[in-house]
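# Descriptive structure summary
Here are the chains, one letter per residue:
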Amino acid sequence: MARTLALVDCNNFYVSCERVFRPDLEGVPVGVLSNNDGCFVARSAELKALGVRMGQPLFEVRDLVRHHHVRVFSSNYALYGDMSARVTDCLRGFTPALEIYSIDESFLDLTGIGGDLSGYGAEIRQTVKRWTGIPVCVGIGPTKVLAKLSNHAAKKALLDDRGVCDLRDADAREHVLRAVPVEEVWGIGRRSAEKLSLLGVRTAADLRNLDPRLARQALTVVGERIVYELQGVACLSLDLVPPSRKTIAVTRSFGQPVTDWEPMREAVAAYATRAAEKLRAERLAAEALQVFMHTSPFRPGPTYSNAVTVELRPATDDTFALIAAAAAAARRIWRDGYAFSKAGVILPGLVPLERVQPDLLAAADRQRGTRLMKALDAINSTMGKDTLVPAATMGRAWRMRQEQRSPSYTTRLADVPVVQA
DNA sequence: TCTGGGGTCCTAGGACCC
DNA sequence: TCTGGGGTCCTAGGACCC
C-alpha cells in the first residue's frame, strides 16, 4: 500500500515562540538572533518583507532595525525547546507513528487514514494553534521529499493560502514541481544546484525527470535518491525511534577576542562541563575528545587554526575527567600572540554507558565519581542550571553576549507570566 | 566595533593485513 | 625497467540540513 506522509513545520518557529507570550508582537517585524547576538536565525513575515536575510549579521542592518522598530531577541533555547515538546505532544494525538525531524518539524505517517486529508491537515493546524499558540503548515505527500515540497508549497501559498497542501493529486503535484526552483528541493544546496544547472536542470520537475544514473554521477547516491523520491518512489524511511547519536559538540564564539591562556582554559573547561552533562542526560560515554580553536575569519591580523583529538581510556562521562582532557588538549595547540574568536569541545566517539569496559583497577574511583556526578546533576536539575559549576569554568572574559533575551516563561519559576484577574 | 551552533551522510584515500 | 589483489578500518573533507 502506498504511504502517506505529512510534514508539519512551525512557521518562523523562534519568533512564534516569543509571540506566544507577547501578543503585542503580532503584526510587527520581529527577529531572533544567533548566539552572541550575531546573525538573524528567525524572522517574522514582516521582517522578511523588509529584506533581512536568513543568517544576515545584525550589524549590517542596524539602521533598518532602528528605523522600522524591529523587535530583536537573543535566542532563548530553554523556551524554544520546551515549546517544541508541547507541539510534538500535540501531534502525537493525531498519530503515534511520528518522526521528530528537528526542533520545529515532524513527519507524521498518515497511511490508512481515510477521507479528506486536507481537512485532517486543517484540523492539525487548528489544534496545534489552540493548544500551544504556535502556527504551523502541513504538507502531505507519498514520500519525505514530496511531503517537504508540499509543506513548502503550503507556506508559500502556491496552490491556496489555507496552510495545508496535498501533493498526492497528480495535477497539484505537477503544478508545484514546475513552479519550484530546484535549489528549494530538500537536499539540494547551492553546490548541487550549480552542478544541476550545467545539466539544464532548473526546476523540481526537471530534477524529477532527470535520469537517476545521471543524478548519481553528478550528486552521488544522495542525488539519485532525491530523484526517486520526487517520482513518488520512497527511498527514505521514517525513523520512529530516534537513532542513538554519534557525536556531541559544544562550541561557541567568544563575546570578545581571547588573547590569554587563562580565559581560553576556562572556556574549554566550561564547554567540557556542558558536553559531560549532555553525555549523562543520554546515558552515553565518550571514547575520545577533540578540542579546536581558531582566530576570526573576518578580522585582519595573524590567523591560526588547530585541533587535536585525544583518547579517553576508559570511556567516561565524568565532568572532571573531560575537563582535564580538554584543558590538556587545548594547551597543546595554544599559541601566544593570537586573538582567538572561537573554540569548541567535540566528543566524536560515543558508546552506551552500559557497554563501557569496566576498568578493574579504577573501579572504586569510578564509583565515587559516578555518585558525585549524580549529585551534581540532581542539584542543577532542581535548583536551576549552573547552580553548581566546576571552579575551573568560573571566569567571565570569554562569555557570549546575550543582551536581548526574553524571560524563560515556561522553564524558570521566577519567569512564569503572572495573570491579573 | 559587530559575522551561530549542532548535527548527518557520503566518498576518497591511506594504513594495514593476509 | 618489470613488484598482486582484495579486504577492512579510519579519517578528512565536502555537502547539506535546521
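Throughout what follows, the structure given in this document is the object of discussion.

Reading the values: the criteria
- Residues numbered from 1 in each chain as written.
- Chains lettered and ligands numbered in written order.
- Predicted model: local features only at pLDDT ≥ 70, side-chain atom pairs only at ≥ 80, totals over all residues.
- Heavy atoms only, no water.
- Pairing = 2+ DSSP bridges.
- Helix = DSSP H or I, 4+ residues; strand = E, 2+ residues; numbered from the N terminus.
- Axes fitted to C-alpha atoms, helices over the stretch in contact; angles between N-to-C directions.
- Near = heavy atom within 4 Å.
- Polar contact = N/O pair within 3.5 Å; in protein donor to acceptor, adjacent residues only side chain to side chain.
- Nonpolar A, V, L, I, M, F, W, Y, C, P; charged D, E, K, R; others polar.
- Contact = heavy atoms within 4.5 Å.
- Buried < 20%, exposed > 50% of the residue type's maximum accessible area, 1.4 Å probe, protein only.
- Patch = residues over 30% accessible without salt bridge, like charges linked within 9 Å, V, L, I, M, F, W, Y side chains within 5 Å.
- Areas by Shrake-Rupley, 256 points an atom, 1.4 Å probe, with all protein chains shown as cover.
- Salt bridge = Lys/Arg side-chain N within 4 Å of Asp/Glu carboxyl O.
- Core = buried A, V, L, I, M, F, W, Y, C linked by side-chain atoms within 4.5 Å.

The pairing of strands in a sheet happens through backbone hydrogen bonds and is either parallel or antiparallel. On the basis of which strands lie adjacent, the open sheet formed by five strands has the order β5-β6-β1-β7-β8 and mixed pairing. What marks the edges here is a single partner per strand, and that holds for β5 (98–102) and β8 (164–166). Taken over all neighbouring pairs, the strand axes of this sheet differ in orientation by 15 degrees on average, direction set aside. Of the strand pairs in this sheet, strand β1 (residues 5–10) and strand β6 (residues 105–109) are connected by five bridges, and their pairing is antiparallel. Across the sheet, the residue bridging to Leu 7 is Phe 107, located in β6.

Before going further, it helps to examine the protein's contact with DNA strand C. Every one of the 13 residues lining DNA strand C counts as a neighbour, but Ser 102, Asp 104, Lys 148, Gly 187 and Ser 192 are closest to it. When atoms of DNA strand C within 4 Å of the protein are split into backbone and base, the sugar-phosphate part holds 100%. Contacts to DNA strand C include Gly 187, whose backbone N or O atom sits 2.7 Å from a phosphate oxygen. In this structure, Ile 188 approaches DNA strand C through a main-chain N or O atom, which is 3.2 Å from a phosphate oxygen. Among the elements of the structure, β5 and α8 (190–198) are those that each provide at least two residues to the surface near DNA strand C. Across the surface near DNA strand C, the residue classes break down as four nonpolar, four polar and five charged.

So, on to the protein's contact with DNA strand B. In the vicinity of DNA strand B lie 23 residues, with Arg 245, Ala 249, Thr 251, Ser 253 and Arg 299 positioned nearest. A distance of 2.7 Å separates a phosphate oxygen of DNA strand B from a polar backbone atom of Ala 249. Looking at the surface near DNA strand B, the elements with two or more residues in it are α10 (212–231) and β9 (248–258). When residues of the surface near DNA strand B are assigned to their parent elements, the largest contribution, six residues, is made by β9.

Here the focus is the sheet that holds strand β2 (residues 30–33). The three strands lie next to each other as β3-β2-β4, forming an open sheet whose pairing is mixed. Every interior strand has two partners, whereas the edge strands, β3 (40–43) and β4 (71–73), have only one. Going from strand to strand, the sheet's axes swing by 25 degrees on average, the running direction of each strand aside. Pairing of β2 with β4, which is carried by three bridges, proceeds in the parallel orientation. Residue pairing for β4: Val 32 is matched across the bridge by Phe 73. Across the sheet, helix α1 (residues 13–20) lies against β2, β3 and β4, angled at about 115 degrees from β2, the strand it touches most.

This part is about the pairing of β2. Because side chains alternate across β2, one face comprises the buried residues Val 30 and Val 32, and the other comprises Gly 31 and Leu 33, equally buried. Here β2 pairs with β3 via three bridges, running antiparallel. In the strand pairing of β3, Gly 31 is matched with Arg 43. Hairpin geometry of β2 and β3 is characterised by an intervening segment of six residues between the two adjacent antiparallel strands and by a positive phi of about 70 degrees at Asn 36.

To continue, consider unusual backbone geometry. Along the chain, Arg 313 connects to Pro 314 via a cis peptide bond; the corresponding omega equals 0 degrees. Looking at where Pro 314 falls in the secondary structure, it is placed in strand β11 (residues 305–316). The phi dihedral of Thr 220 is positive, around 60 degrees, even though this residue is not glycine. With respect to the element layout, Thr 220 can be found in helix α10. For Thr 220, a relative accessible area of 46% corresponds to the partly exposed category.

Further remarks concern a nonpolar patch on the surface. A cluster of nonpolar side chains, Ile 379, Met 383 and Leu 388, forms an exposed patch at the surface whose accessible area comes to about 280 Å². Here Ile 379 is to be found in helix α13 (residues 363–383). You can call Ile 379 partly exposed: its relative accessible area is 33%.

The next subject is the side chain of Thr 319. The residue Thr 319 is located in helix α12 (residues 319–333) in this model. Beyond its immediate stretch of four places on either side in the chain, Thr 319 contacts Thr 273, Ala 276, Arg 280, Met 373, Leu 376 and Pro 390.

Attention now goes to the nonpolar core. By size, the foremost hydrophobic cluster in this structure holds 38 residues, and its most contacted members are Phe 254, Met 264, Leu 289, Val 291 and Leu 347. Residue assignment for this core shows that the elements contributing at least two residues are β9, α11 (261–281), β10 (284–295), β11, α12 and β12 (340–347). If near-sequence neighbours (up to four positions away) are discounted, Val 291 is found in contact with Val 268, Asn 306, Ala 307, Val 308, Ala 326, Ala 329, Ala 330, Ile 333, Gly 344 and Val 345. One finds Leu 25, Val 32, Cys 90 and Val 136 within the second-largest nonpolar core, a separate group that totals 33 residues.

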